[in-house]
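Here is how the chains run, residue by residue.
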Amino acid sequence: MKVLIIGAGASGLVTAIRLKERNIDVTIIEKNNKIGKKLLLTGNGRCNFWNEEQNINKYYASDLDILQKIIDLKINEVLPFFDSLGIKAKVINNYYYPYSNQAISIVNAMARKIEKLGIKIKLEEEVLDIVKKDKFIVTTNKDKYEFDKVVLAMGSKACPKTGSDGLGYTLAKKLGHTINEVLPSLVYLIGEDHYYKKWDGVRSEAILTLIEDGKVIKKEQGEVQFTKLGISGICTFNLSGYIAKGLSLNKKEEVYINLVPWFKEDNFKKFLDEQNKKLKGYTIKEILEGFLNYKLVNLILDLLHIKDEDYWENINQDLLVEYLVNFPFKVKDIGDFANAQICFGGIPLKEVNYENLESKLVKGLYFTGEILDAHGDCGGYNLGLCWISGLIVGDKLND
């Protein structure tokens, strides 16, 4: 039996290693000139490759119940796999990194294993077409091949500079599969207003609340990066997939920003009243600058037409409190595929057998990684899905 894996990214590499360990003849075809190109960029080059907090609420899929079954199959085998590669992990707030703090440690460990196992890799070769007859007829820009089984590990459309151009979706669709609409995810938000240059460069802890057509969808807390286009940062990214989907359905998307997440009580107006009494003779601007970035203070006062010399007693106190606790951010759009870390959408999980990720429509065709309609929050969850899906196919192909 000869197996082809298309794509030498995270999931494809794991699949190849596990298949070869079972003495299965496996070949990898990769369009780039090296393996793991996107993997090298993860975690800002540090590779946050796993998260100890495994909860289905951290994931999104067209069929969450199927995704839970997929995760459960191999959740306990991910860390032992990396241990078998010689990777020592460092854990920071449930986030797993290679102890070296370098993504290249993960890529090199994979490369060493692949070399020792004698796995065949064809670099700088691009698959152009797949036809299923008795076997799979695979045409590339260099040759034509026959394989008994094919694994599509081609990624999504996110970060196309690493080779993720969406061709996997095209091939899967040609073979009969449905493609749930593919949208950018884990990406920044673009707002409707025109004052964002005034807060550009600010980083501040905040709580974000996503409101879609008047309904609360999700809340995220963390550092928000305020940009000239809108907002960014991990907690922002974790809302972007929902927003992308909503915007595609012409829904109204709003994010409310709590700029004082450290205040755990309900009555922030009372807190400001107490600060005003304590700091006698201070203007409201001087009081606010005691806990809020000066750029945000200046912007809010400007938006509410409050002068620098105004005092707490002579302003609209309720409106100021509302802007501090629920600053309105009207979403116009999200970043594009070039800036997205992953994609929302892809091959529906109901079209694959969850036990081995084989297509229900094309015998001998398998899927791993981002091409599936399943993704997670920032923090190692998406690489986690790559490892899990690769382990499943690597262990269960041909069962």
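Residues numbered from 1 in each chain as written. Predicted model: local features only at pLDDT ≥ 70, side-chain atom pairs only at ≥ 80, totals over all residues. Heavy atoms only, no water.

### Quick notes on the overall build of the protein
Of the regular secondary structure elements, the protein holds 11 helices and 23 strands. Dimensions of the protein along its principal axes, counting C-alpha atoms only, are 85 × 45 × 35 Å. Put simply, the protein has 399 residues, and 54% of those count as buried. Here the analysis covers contacts within the protein between residues at least 6 apart in sequence; of these, 72% occur between residues at least 24 apart. As presented, the protein carries roughly 18200 Å² of accessible surface, and 45% of it is formed by carbon and sulfur atoms. When the 54 positive and 54 negative side-chain charges of the protein are each reduced to one mean point, those points stand 5 Å apart. (Helix = DSSP H or I, 4+ residues; strand = E, 2+ residues; numbered from the N terminus. Buried < 20%, exposed > 50% of the residue type's maximum accessible area, 1.4 Å probe, protein only. Contact = heavy atoms within 4.5 Å. Areas by Shrake-Rupley, 256 points an atom, 1.4 Å probe, with all protein chains shown as cover. Lys, Arg positive; Asp, Glu negative; His and termini not counted. Charge placed at Lys NZ, Arg CZ, Asp CG, Glu CD.)

### As for the sheet that holds strand S14 (residues 203-212)
What the 6 strands build is a closed barrel, ordered S13-S16-S15-S14-S17-S18; its pairing is antiparallel. This sheet shows a mean twist of 45° between the axes of neighbouring strands, independent of strand direction. For strand S13 (residues 189-191) and strand S16 (residues 230-232), the ladder comprises 2 bridges, and the chain directions are antiparallel. Its bridge partner lying in S16, Ile190 is registered against Gly230. Here helix H6 (residues 234-248) sits on the sheet and contacts S13, S14, strand S15 (215-226), S16, strand S17 (253-258) and strand S18 (327-334); the angle it forms with S15, its principal contact strand, is near 140°. Packing of helix H10 (residues 317-325) onto the sheet brings it into contact with S17 and S18, and relative to S17 it is tilted by some 105°. (Pairing = 2+ DSSP bridges. Axes fitted to C-alpha atoms, helices over the stretch in contact; angles between N-to-C directions.)

### Notes on unusual backbone geometry
Even without being glycine, Asn94 reaches a positive phi, approximately 80°. Look at Leu357: it is not a glycine, yet its phi comes out positive at around 60°. Relative to the helices and strands, Leu357 resides in the loop between strand S20 (352-353) and strand S21 (358-359). For Leu357, a relative accessible area of 0% gives the class buried.

### Considerations on the nonpolar core
Counting 127 residues, the largest nonpolar core has Val255 and Trp387 as its most contacted members. Looking at which element gives the most residues to this core, the answer is helix H11 (residues 381-396), with 9 residues. Here Trp387 is in contact with Ala10, Val14, Leu39, Phe49, Trp50, Val78, Phe82, Ile106 and Met110, once residues within four sequence places are set aside. (Core = buried A, V, L, I, M, F, W, Y, C linked by side-chain atoms within 4.5 Å.)

### So, the packing of helix H2 (residues 64-74) against H11
Contact geometry of H2 with H11 gives a least axis separation of 9 Å together with a crossing angle of 75°. Looking at the two axes, H2 sits roughly perpendicular to H11. Residue-level inspection shows Leu67, Ile70, Ile71, Leu73 and Lys74 of H2 in contact with H11, the latter providing Leu385, Ile388, Leu391, Ile392 and Asp395. Its residues assigned to classes, the contact of H2 with H11 shows 8 nonpolar, no polar and 2 charged. (Parallel < 35°, antiparallel > 145°, perpendicular 65-115°, else oblique. Nonpolar A, V, L, I, M, F, W, Y, C, P; charged D, E, K, R; others polar.)

### Observations concerning the packing of helix H7 (residues 268-278) against H10
The N-to-C vectors of H7 and H10 enclose an angle of 115°; their axes lie 9 Å apart at closest approach. By the angle between their directions, the pair H7 and H10 is classed as roughly perpendicular. The two elements H7 and H10 meet at a crossing, and its hand is right-handed. Contact residues: Phe268, Lys269 and Leu272 in H7; Gln317, Asp318, Val321, Leu324 and Val325 in H10. Within the contact of H7 with H10, the residues separate by chemical class into 5 nonpolar, 1 polar and 2 charged. (Left-handed = near helix turned anticlockwise from the far one by under 90°.)

### Section: the packing of aromatic side chains
Under the counting rule described, the total for this entry stands at 25 aromatic pairs. Here the aromatic cluster, defined as three or more aromatic residues joined through ring pairs, consists of Tyr195, Tyr196, Trp199, Phe226, Tyr323, Phe327 and Phe329. For Arg46, the ring lying beneath its charged end belongs to Tyr97, and the centroid distance is 4.1 Å. (Phe/Tyr/Trp six-rings, centres within 6.5 Å; stacked < 30°, edge-to-face > 60°. Lys NZ or Arg CZ within 6 Å of the ring centre and 35° of its normal.)

### Digging into the environment of Ser185
Tracing the sequence through the fold places Ser185 in strand S12 (residues 180-185). We classify Ser185 as buried; its relative accessible area is 1%. It is 22 Å that separates the C-alpha atoms of Ser185 and Ala8, two residues lying 177 residues apart in sequence.

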